[in-house]
Amino acid sequence: MRVDFTVAIPTYNGAKRLPILLERLRSQINPDPIHWEILIVDNNSTDETAQIIQNYQSNWNQNFPLRYSFEPEQGAAFARHRAVREAKADLIGFLDDDNLPDLNWLSASYSFSQEYPKAGAYGGQIHGEFEVEPPADFNQIQAFLAIREHGPNPSRFDPDKLQLPPAASLVVRKQAWNDVPPRPNLTGKLPGLFIQGDDYEPLLYMHKAGWEIWYNPDMHTYHQIPRQRLERSYLLMLARGCGLATYQLRMINATPQQAPLIFTKTLIGNLRRMLMHLLKYRGKLKTELIPAFEMAFYRGSLESTFFSFRKPQIK
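Quick notes on the rules
Residues numbered from 1 in each chain as written. Predicted model: local features only at pLDDT ≥ 70, side-chain atom pairs only at ≥ 80, totals over all residues. Heavy atoms only, no water. Helix = DSSP H or I, 4+ residues; strand = E, 2+ residues; numbered from the N terminus. Buried < 20%, exposed > 50% of the residue type's maximum accessible area, 1.4 Å probe, protein only. Axes fitted to C-alpha atoms, helices over the stretch in contact; angles between N-to-C directions. Parallel < 35°, antiparallel > 145°, perpendicular 65-115°, else oblique. Left-handed = near helix turned anticlockwise from the far one by under 90°. Contact = heavy atoms within 4.5 Å. Nonpolar A, V, L, I, M, F, W, Y, C, P; charged D, E, K, R; others polar.

You can see N216 is positioned in strand 9 (residues 212–225). Assessed through its relative accessible area of 1%, N216 is described here as buried.

Okay, here's the thing in structure tokens:
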């Protein structure tokens, strides 16, 4: 039987989160004859993830398969590569295990692919659902937590400006993923650092190969955000980690001749931003979250010119 769409769920220690997501997927409204499957990619979990999926499989009476795969190399980027290799469909819809889809998410995801055949990847609207009230002015930095609400109309992202959708809810074509290197560079954790960029890296390679990256406003998901991810220490670590990928991401679509200019602009531009930010906020950086977050991002972006992530030390 053909498979039109694979829902791929990379997960690490998702035993408590996966049942809610699976029930949401099991309730999808599928008015069109879409043949689909669910593929769980266990990214070296140490909890009961494998047992949870085995229990579901033993009582699975749906007309779409529930499959399980294990990826031992730690990192969401490696789990996504495993998902693409094992998916039976050309269309692969990634969902993080803490991102719950609307009941028409499958239908909206598939129909968009038919209307926009040049879209190698596309993301949708991701709304935040918070365990605790977010801090003041959180909307200014919510995109860093994969919350994206770009309005009711489809539009193309601008990869050259690093304007791209996150992988928390992302549909890709396997054909477009073939233009992505087999091993990611921007992944993993270094001691004391939380490196970001693995969401954007494959999309930039798709763009380089001529694929379009789109926004589909009809794909709605709801990101479950626990209190720990709203704590100041986590947010500042996240901001710096996002900045640390800046130079490497900009270099993906650059020529060797452009490298010195990009290096200089990233270094000098972020040094200038840091100095201006310091003058503007002075003592408020220790007391106000948003200015501190922005400073951490500028710092990471400046530092990205000196970092090499070719061989990250996975922890």
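Across the interface, helix 9 (residues 259–281) lies against helix 10 (residues 289–303) with an axial gap of 8 Å and an inter-helix angle of 155°. Considering their axes alone, helix 9 and helix 10 lie roughly antiparallel with respect to each other. Crossing of helix 9 against helix 10: the hand is left-handed. Of the residues in helix 10, those touching helix 9 at T266, L267, N270, L271, R273, M274, H277, L278 and Y281 are P291, E294, M295, Y298, R299, S301 and L302. When the residues that make up the contact of helix 9 with helix 10 are grouped by side-chain class, the tally is 9 nonpolar, 4 polar and 3 charged.

Turning to the packing of helix 1 (residues 18–26) against helix 2 (residues 49–58), a few remarks are in order. The N-to-C vectors of helix 1 and helix 2 enclose an angle of 30°; their axes lie 11 Å apart at closest approach. Regarding the angle of helix 1 to helix 2, the classification is roughly parallel. In this structure, the crossing between helix 1 and helix 2 has a hand that is right-handed. The segment helix 1 lies against helix 2, with L18, P19, L22, E23 and R26 engaging T49, I52, I53 and Y56. Among the residues forming the contact of helix 1 with helix 2, the class breakdown is 6 nonpolar, 1 polar and 2 charged.

Everything listed is a geometric property; what it means functionally is a separate question.
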